[in-house]
Amino acid sequence: MEEQQIKKTVSHESKNMIVAFAIMIAMVGLITFIGFFLLKPKEEIIMGEAEASVIRISGKVPGRILSYRFSEGESVRKGDTLVLINTPEVYAKFDQAQAAHNAAEAQQSKAQKGLRPEQISSAYELWQKAKIGLDIAEKSYRRIQNLYDKGVIPAQKRDEAEANWKSMQTSEKTAYAQYSMAQQGAEKEDKLLAEALVQKSQGGLNEVNAYLEEGILLSPIDGEIAEIFPHQGELVGTGAPIMNIVDLKDLWVVFHVRENLLNDMKIGAPLSAFIPALGDREVHLTVTYLKDMGSYATWKATKTNGQYDAKTFEVRAKPNQPIKDLRPGMSVILKKK
């Protein structure tokens, strides 16, 4: 009986040891299994944001907003009229420039045309009168010279007749010169001066026209109006921003990445990401820009043993294909192991 009791006791202890050993092995396996998942490297999630080109619309001349042709959120085409600016001062300058141009053209026309026919005819008559006077003076001098040669009259009379003849020669030449000038019109220099004045006035008129065109602002691109700053009726100064237009065809994604995660982010490198706002749609990008953000964006190490400060880089990537419904400001998620 004692031997049977001893055998039963030994058998029971053996079973207990086997169960304990099996439980220990199961616990080691469970701990190993849990440790495998706990020690597995976590995925680094890098959040980016979609951005787009923005064109700022502003005018060259000050004025008052007369009216807007589009509202915020509306799409525009290149060449569409966006806003009308009332510039009464420029219209006044235009009237002045137009009057100056008209005066310069009239002066040029007068220089090119010359004197009126009545003035030319009057100069011709004066020349003919001078010719007749010269002829009479010459004949008188010849007669007096003959009488002087015969000793009939004194030398003083002959000298007076000679002086009158020579004076009439000068008068005839002067009258002919006046008639010739009347036929030819203004001098070459006067014509060139008149032409230069016309060109100068035309330049002033063109300048004012250019300012008038700035009162009608057109869209330089196809896009969407993102913001309008002044209200209708408000005054705007030279170069003051009036509205922003977003070019939705020129989109890219900006990521801010620590330098220890840049090992596969090079210029031209492909990236895969997803967009939560579009149902986690997967998109493919290409890196186009890489630049450090300066010391203000440095990640500081929390421990000093074996760690170092890491700079942050701005990474820009463009979609390989247009992404439908992608809007500036939407988040784009990039996962790195």
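Heads up: the structure comes first, above all this text.
It should be emphasised that the depicted structure is a prediction, and the values quoted were computed from it without experimental measurement.

How each quantity is defined
- Residues numbered from 1 in each chain as written.
- Predicted model: local features only at pLDDT ≥ 70, side-chain atom pairs only at ≥ 80, totals over all residues.
- Heavy atoms only, no water.
- Helix = DSSP H or I, 4+ residues; strand = E, 2+ residues; numbered from the N terminus.
- Buried < 20%, exposed > 50% of the residue type's maximum accessible area, 1.4 Å probe, protein only.
- Contact = heavy atoms within 4.5 Å.
- Areas by Shrake-Rupley, 256 points an atom, 1.4 Å probe, with all protein chains shown as cover.
- Pairing = 2+ DSSP bridges.
- Phe/Tyr/Trp six-rings, centres within 6.5 Å; stacked < 30°, edge-to-face > 60°.
- Lys NZ or Arg CZ within 6 Å of the ring centre and 35° of its normal.
- Core = buried A, V, L, I, M, F, W, Y, C linked by side-chain atoms within 4.5 Å.

A.B. asks: Help me understand the overall build of the chain, please; the structure alone is not making it clear to me.
C.D. replies: The helix and strand inventory of the chain stands at 5 helices and 12 strands. Burial statistics for the chain: of 337 residues in total, 29% are counted as buried. Across the chain, contacts joining residues at least 24 apart in sequence account for 76% of those joining residues at least 6 apart. Carbon together with sulfur atoms contributes 55% to the accessible area of the chain, which is approximately 23,200 Å² in total.

A.B. asks: Even after reading the chapter, I still don't get the environment of Ser-71, so can you show me in this structure?
C.D. replies: Turning to its location among the elements, Ser-71 is positioned in the loop between strand E2 (63-68) and strand E3 (75-76). You can call Ser-71 partly exposed: its relative accessible area is 43%. Between the C-alpha atom of Ser-71 and that of Glu-224, which follows or precedes it by 153 residues, the distance is 9.6 Å. If sequence neighbours within four positions are ignored, Ser-71 has contacts with Ile-225 and Ile-228.

A.B. asks: Please explain the sheet that holds strand E5 (residues 216-218) as it appears in this structure.
C.D. replies: Strand pairs in the sheet, formed through backbone hydrogen bonds, run parallel or antiparallel to each other. If you walk across this open sheet you meet the 4 strands as E5-E4-E2-E7, and the pairing is antiparallel. Looking along the sheet, the strands with just one partner apiece sit at the ends: E5 and strand E7 (235-236). By the bridge criterion, 4 bridges tie E2 to strand E4 (residues 81-86) in an arrangement that is antiparallel. Bridge pairing in E4 places Ile-65 opposite Ile-85.

A.B. asks: I would appreciate a short explanation of the packing of aromatic side chains in the present structure.
C.D. replies: For any two aromatic rings, the description comes down to two numbers: the centre-to-centre distance and the angle of the planes. For the structure shown, the criterion picks out 0 aromatic pairs. A cation sits over an aromatic face here: Arg-316 above Tyr-289, 4.1 Å from the ring centre.

A.B. asks: Can you walk me through the nonpolar core in this structure?
C.D. replies: Proteins that are soluble and globular tend to have nonpolar side chains buried together. Of all hydrophobic cores here, the largest spans 27 residues; its most connected members are Phe-255, Val-257, Met-265, Leu-271 and Leu-285. Those elements that provide at least two residues to this core are strand E1 (44-58), strand E8 (241-258), strand E9 (270-275), strand E10 (281-292), strand E11 (312-319) and strand E12 (331-336). When residues of this core are assigned to their parent elements, the largest contribution, 5 residues, is made by E8. Here Val-257 is in contact with Ile-46, Leu-262, Met-265, Lys-311, Thr-312, Phe-313 and Val-315, once residues within four sequence places are set aside. In this structure, Ile-57, Ile-65, Val-83 and Ile-221 belong to the second largest nonpolar core, which totals 15 residues.

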